[in-house]
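# Observations on the three-dimensional arrangement
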Amino acid sequence: MSLDHPSTPNDLSAFWMPFTANRQFKDTPRMLVAADGMYYTTADGRQVLDGTAGLWCCNAGHKRPRIVEAIKAQADEMDYAPAFQMGHPKAFELAARLRDMAPDGMEHVFFTNSGSESVETALKIAIAYQRAKGQGTRTRLIGRERGYHGVNFGGISVGGIVNNRRHFGALLAGVDHLPHTHLPENAYTRGQPEHGAHLADDLERIVALHGPETIAAVIVEPVAGSTGVLLPPKGYLQKLREITRKHGILLIFDEVITGFGRLGAAFGADFFGVQPDLMCTAKGLTNGTIPMGAVLTSSEVHDAFMHGPEHLIELFHGYTYSGNPIAAATGLATLETYREEGLFERAAEIAPYWEEGLHSLRGLPHVIDIRNLGLIGAVELQPIEGQPTARAFQAFLDCYEKGVMIRTTGDIIAMSPPLIIERSHIDQLFGTLADVLRKLA
Ligand SMILES: Cc1ncc(COP(=O)(O)O)c(C=O)c1O
């Protein structure tokens, strides 16, 4: 095929889609062609309510004027600047803005292009930090069962989702996992569950097993999202912080979905009042529009690298697009949109209405649990015997037909709308889902 003969737009064969049942999709495609505010427009001209902020990323909703303008203006002014040994003002400005909005003590920012890259970056910084402190035996990384930390080798090694791991060989050596925090006795809890803080104590067992002097860092999502919304029991994250601190282990919060207002605070660290040593972010940083991620670190971590001759590179790590000008301009416009519209506070204000609507689905056919925090909600369905995932996926298809976008993981329906959501949208979302659940086989 030459460039003068572009293929027809309905040739779907070339694009190998990510995390998608490719053959099924290409048989009955679901194409989105436009987006504005809370709604997508489909190729056949229907409006679909965005119940998931894209993929947990469009926290300010779609087609936001300030963000659109910033992208256009930056593309016009300077498209790209080398990221190594050169700089441009907006990357510095964005890093300073992030530092200012982050919990006290998170002083430095390393730019990446995605959540997965933020995770790899944080894991590498953690190991290199321990080495820089003269503790080179601390190389082990501890993740958690059912954790999701993106798809690169470090992330799937510390992650705990079996299908994301088992096809890809031996993964990173020296990794262990905490138990997940999902306990049946917490079913239908509103907000943070009561039971399960003791699950953090398992870290003491892991430390005793391997020796603290072998462990570099623990990484967890403050709220596990992609695995189906698993909430931290009350006191759990505080305990993890105490135990990591006691043993000289760094605590990394993967805030790729909990960052930028999802819980009604800037970060999960603020919401839970627990201070990590490093934070991974992405998604909402640029409202999902231009790929960008950022790792925030404490001064303690950053300063450990700032030794030796000043003309030498301190950290042998970085990406061609770290702090890319268009991404940086987009990040600045996004943070400004969050600020001027008070979107994090707005999320906190509307969260009780969200919780009420979500829990009104209790008692509908197949529903076995409902859980929520901030503007996150999950409805867990009883799987069809012998066909795990089929029931929830059918709910997803039926909702889409009825003009509402939800997301499913296994037999769990997860929802995480843009923070601009209004009560009428919440009614539409849960009203449609209720209709769908009533008719579901
Ligand atoms: C907690 C967490 N970490 C990492 C990632 C990976 O982000 P990305 O898909 O941008 O690589 C995700 C994506 O959903 C996530 O939820």
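Below is a short write-up of the structure. Owing to the predicted nature of the structure, the values given are computational and were not obtained by experimental measurement. As a convention, each chain's residues are numbered from 1 in the sequence order in which they are written. Per-residue local features are limited, in this predicted model, to residues with pLDDT of at least 70; the limit for side-chain atom pairs, both in listing and counting, is 80 or more; totals at the level of whole chains, interfaces and linings are taken over all residues.

This next bit is on the overall build of the protein chain. What counts as a helix is a DSSP run of H or I of at least four residues, what counts as a strand is a run of E of at least two, and both are numbered from the N terminus. Scanning the protein chain from terminus to terminus reveals 15 helices and 15 strands. Atoms counted for the radius of gyration: C-alpha only. Globule rule: 2.2 Å times residue count to the power 0.38. For 441 residues, the compact-globule formula gives about 22 Å, and the C-alpha radius of gyration of the protein chain, at 22 Å, lands near that figure. Across its three principal directions, the C-alpha atoms of the protein chain cover 65 × 60 × 45 Å. Between the buried cut of 20 or more and the exposed cut of 12 or fewer other C-beta atoms within 10 Å of a residue's own C-beta lies the partly exposed class, and all C-beta atoms are placed from the backbone. Here the protein chain holds 441 residues, and the buried ones make up 48% of them.

This paragraph deals with the sheet that holds strand β11 (residues 367-373). An order of β11-β12-β15-β14 is seen for the 4 strands of this open sheet, with the pairing classed as antiparallel. Each edge of the open sheet is held by one strand with a lone partner, namely β11 and β14 (407-409). Strand after strand, the sheet turns through a mean of 20° between neighbouring axes, direction not considered. Two strands pair under a simple rule: DSSP has to find at least two bridges between them. Across 4 bridges, strand β12 (residues 376-381) lies against strand β15 (residues 412-415) in antiparallel orientation. Looking across to β15, one finds that Ala378 is bridged to Ala414. We call two residues in contact if the C-beta atoms placed from their backbones are at most 7 Å apart. Angles here are taken between N-to-C directions and fall from 0 to 180 degrees, while the axes themselves are lines fitted to C-alpha atoms, restricted in helices to the stretch in contact. Running at roughly 180° to β11, helix α13 (residues 343-359) makes contact with β11 and β12 of the sheet. Helix α14 (residues 390-401) rests against β12, β14 and β15 of the sheet, and its axis sits at about 170° to β14.

Helical periodicity: at 3.6 residues per turn, an α-helix aligns residues three or four positions apart in one direction. Expected span of a helix: the number of residues minus one, times 1.5 Å. For α14, with 12 residues, the first-to-last C-alpha span of 17 Å sits near the 16 Å given by 1.5 Å per residue. All of the buried residues along α14 are Arg391, Ala392, Ala395 and Cys399. On an axial view of α14, the arc spanned by its buried residues comes to 95°, and they lie on one face. Positioned one or two residues after α14, Gly403 has a phi angle of 85°, which is positive. Regarding the arc, it is the one traced by the directions from the helix axis to the C-beta atoms.

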